[in-house]
Amino acid sequence: MNRVFEIQEKILDKIAEFESADIQRDITLSWERIHLASCAAVGRILALKRGADPELSAIACSVHDYGRIITGKQRDHAMAGYEPLKLFLEESGCFTPDEVELLATAAKKHSSKKEVGSPIEEIVKDADVFDCYQYGMPLDREEQRARLKTILEEISH
Ligand SMILES: [Fe+2]
């Protein structure tokens, strides 16, 4: 099976487990489901345009909010997800250690929208911003709006 769908199924199972967990959530699990699939689609398009790996990019986008899924908290969720995500990816048996590190690092850094990182990190940040935009979610920070402007120009060509 394609690793994108395999990981998405596993993360959807994880979300389903959290449906019954008694934790206060800043964002609904319904949004997490939509956002992970939709970010993956955007990430794949950006990767194809930029000459990056479309499969790993789509996977990185699918898992980037793992920290918020498991904690329910928006604050510092990128960092909070780093170690648990590495474990989740290792346990999936789908990835080499280098791929696990690459994917977990892209998730860890995705909230640092002002900084410019590796190609896959940039794809996750940009797909995140564009996806929030296309569902009408607020982009409160200047650096998010700056990214959106660039992406809109990029994808219209
Ligand atoms: Fe996030």
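Residues numbered from 1 in each chain as written. Predicted model: local features only at pLDDT ≥ 70, side-chain atom pairs only at ≥ 80, totals over all residues. Heavy atoms only, no water.

An unreviewed UniProt entry annotates the protein as Metal-dependent phosphohydrolase HD sub domain-containing protein originating from Pelosinus fermentans B4.

A few points about the overall build of the protein
Scanning the protein from N- to C-terminus turns up nine helices and zero strands. Going from the N terminus to the C terminus, the protein shows its helices and strands as α-α-α-α-α-α-α-α-α. In terms of overall size, the protein behaves like a compact globule, its C-alpha atoms giving a radius of gyration of 14 Å where 157 residues would be expected to give roughly 15 Å. Buried residues in the protein amount to 46% of all 157 residues. Residue pairs in contact within the protein that sit at least 24 positions apart in sequence constitute 62% of those at least 6 positions apart. (Helix = DSSP H or I, 4+ residues; strand = E, 2+ residues; numbered from the N terminus. Rg over C-alpha atoms; globule rule 2.2 N^0.38 Å. Buried < 20%, exposed > 50% of the residue type's maximum accessible area, 1.4 Å probe, protein only. Contact = heavy atoms within 4.5 Å.)

Considering the UniProt feature "domain: HD" (unreviewed entry) in the protein
Mapped onto the present numbering, the UniProt feature "domain: HD" (unreviewed entry) falls on residues 34-131. A helix fraction of 74% and a strand fraction of 0% characterise residues 34-131, whose end C-alpha atoms lie 10 Å from each other. (UniProt positions renumbered as here; feature names shortened; annotations may be inferred.)

Here's the deal with the nonpolar core
Ranked by internal contacts, the top residues of the largest apolar core, which has 42 residues, are Leu 85, Phe 88, Leu 89 and Phe 95. Contributing elements (two or more residues each) for this core: helix H1 (3-19), helix H2 (29-50), helix H3 (54-63), helix H4 (66-71), helix H6 (82-92), helix H7 (97-108), helix H8 (119-134) and helix H9 (142-155). For this core, the element with the highest residue contribution is H2, accounting for eight residues. Not counting residues within four places of it along the chain, the set of residues in contact with Leu 85 comprises Val 63, Tyr 66, Leu 103, Ala 104 and Ala 107. (Core = buried A, V, L, I, M, F, W, Y, C linked by side-chain atoms within 4.5 Å.)

Comments concerning the packing of aromatic side chains
Going through the model one piece at a time under the given rule, you end up with three aromatic pairs. Relative to Tyr 135, the ring of Trp 31 has its centre 5.6 Å away and its plane inclined at 85 degrees; by these criteria the two rings are edge-to-face. Placement of the pair is Trp 31 in helix H2 and Tyr 135 in the loop between H8 and H9, with a sequence separation of 104 residues. Relative accessible area serves as the criterion here: at 10%, Trp 31 is assigned to the buried category. Ring geometry for Phe 130 and Tyr 133: centres 5.8 Å apart, planes at 50 degrees, overall tilted. One end of the pair is Phe 130 and the other is Tyr 133, both in helix H8 and three residues apart, which spans about a single turn. Judged by its relative accessible area of 12%, Phe 130 falls in the buried class. Sitting above the plane of the Tyr 82 ring, Lys 108 keeps its charged end 4.2 Å from the centroid. (Phe/Tyr/Trp six-rings, centres within 6.5 Å; stacked < 30°, edge-to-face > 60°. Lys NZ or Arg CZ within 6 Å of the ring centre and 35° of its normal.)

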